[in-house]
Amino acid sequence: MIEYTKERPLRCFYAFAGYNSQKMALQRLTDVYPDFHHVCVGWSEIDENAIKANNAVFPEDIDKNFGDITKIDWDKVPDFDLFTYSFPCQDISSSGKQRGFEEGAGTRSSLLWECKKAIEAKKPRFLMMENVKALVSAKFLPFLRQWQTWLHQQGYENFTQVLNASSYNVPQNRERVFMISILRTDSEPNPSFYFPKKMKLERRIKDILEPNVDESFYLSDKALEYFCRVNNGINGSDESSCVGKVSNSQDGVVSGVNAIAPTLTAGHANQPKLFNEE
């Protein structure tokens, strides 16, 4: 069993990093297991706002962004043990046009195949992929299988499962595909991995709300008028996710704080809208 210590930490590279929730997870792991140590050797992100968020959360990694994954010279990147790649979902998600991610397609989601270069050059011990549930739909599963076959040819055993955030005491329905790949070695020719067991859901939206919220985040008078007119008689004690709407669009759904949140889709003005009668 490999132990990652202060002298020999788990070296990580985060592709398509966003604000780097993967590193956040490792930080939490360190809180629970203080003898476990990890270090970021690099990350890749091109979205301006995501970069600002990442830099705000992890200022120690500001100078480690290698930028556009298609332009990285992996021979100039330090070696790493863990490679995470939550590649773009826009061309896979049911909320988008589903243009796919076939190799060479030129779509944002087809940037997955750029990860080949990193894996071939560095052969990290562990890989972690995450994406939307549609990745395992009939339309896209053949391409996922193609990727898994390539990884197996490179020496990796793959472990894939759809996980829902609500199964781990997070008050949100958010199903995502996770795949953990472990490199076969002489000392571990048949690596194994087990996804965590489900947990009892004990929290609701109200348990994670901030006590003081700036007025700029409140709904406008026009939206409130529409809500009261259209949803007469509905109140926040309803334990279903949707307690009403502030518009006819999919972004107009209002959730009760005694419920769990729905999946938030990307784009539009779809910030979560909550009803709290207190």
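This section reports on the structure supplied with the text.

Basis of the calculations
- Residues numbered from 1 in each chain as written.
- Predicted model: local features only at pLDDT ≥ 70, side-chain atom pairs only at ≥ 80, totals over all residues.
- Heavy atoms only, no water.
- Phe/Tyr/Trp six-rings, centres within 6.5 Å; stacked < 30°, edge-to-face > 60°.
- Buried < 20%, exposed > 50% of the residue type's maximum accessible area, 1.4 Å probe, protein only.
- Core = buried A, V, L, I, M, F, W, Y, C linked by side-chain atoms within 4.5 Å.
- Helix = DSSP H or I, 4+ residues; strand = E, 2+ residues; numbered from the N terminus.
- Contact = heavy atoms within 4.5 Å.

Tallied over the full model, the rule gives 16 aromatic pairs. A centroid spacing of 6.2 Å and a plane angle of 65 degrees characterise the contact between Trp74 and Phe80, whose relative ring orientation is edge-to-face. Overall, Phe80 belongs to the buried group, its relative accessible area being 3%. Ring centres 5.0 Å apart and planes at 90 degrees place the aromatic pair Phe193 and Phe195 in the edge-to-face group.

Before going further, it helps to spend a moment on the nonpolar core. Counting 33 residues, the largest nonpolar core has Phe83, Tyr85 and Trp147 as the members making the most contacts within it. If you list the elements that add at least two residues to this core, you get strand S1 (10–15), strand S3 (82–85), helix H3 (115–122), strand S4 (126–132), helix H4 (141–153) and strand S6 (175–183). If one sorts the elements of this core by residue count, H4 sits on top with four residues. Setting aside anything within four residues of it in sequence, one finds Tyr85 in contact with Ala15, Phe16, Leu112, Cys115, Leu127, Met128, Met129, Glu130, Trp147, Leu151 and Met179. If you look at the next biggest cluster of nonpolar residues, it comprises 10 residues, including Tyr4, Leu10, Cys40 and Leu82.

A separate point is the environment of Gly104. Mapping Gly104 onto the fold places it in the loop between S3 and H3. Each C-alpha atom of the pair Gly104 and Glu114 lies 9.8 Å from the other, and the pair is 10 residues apart in sequence.

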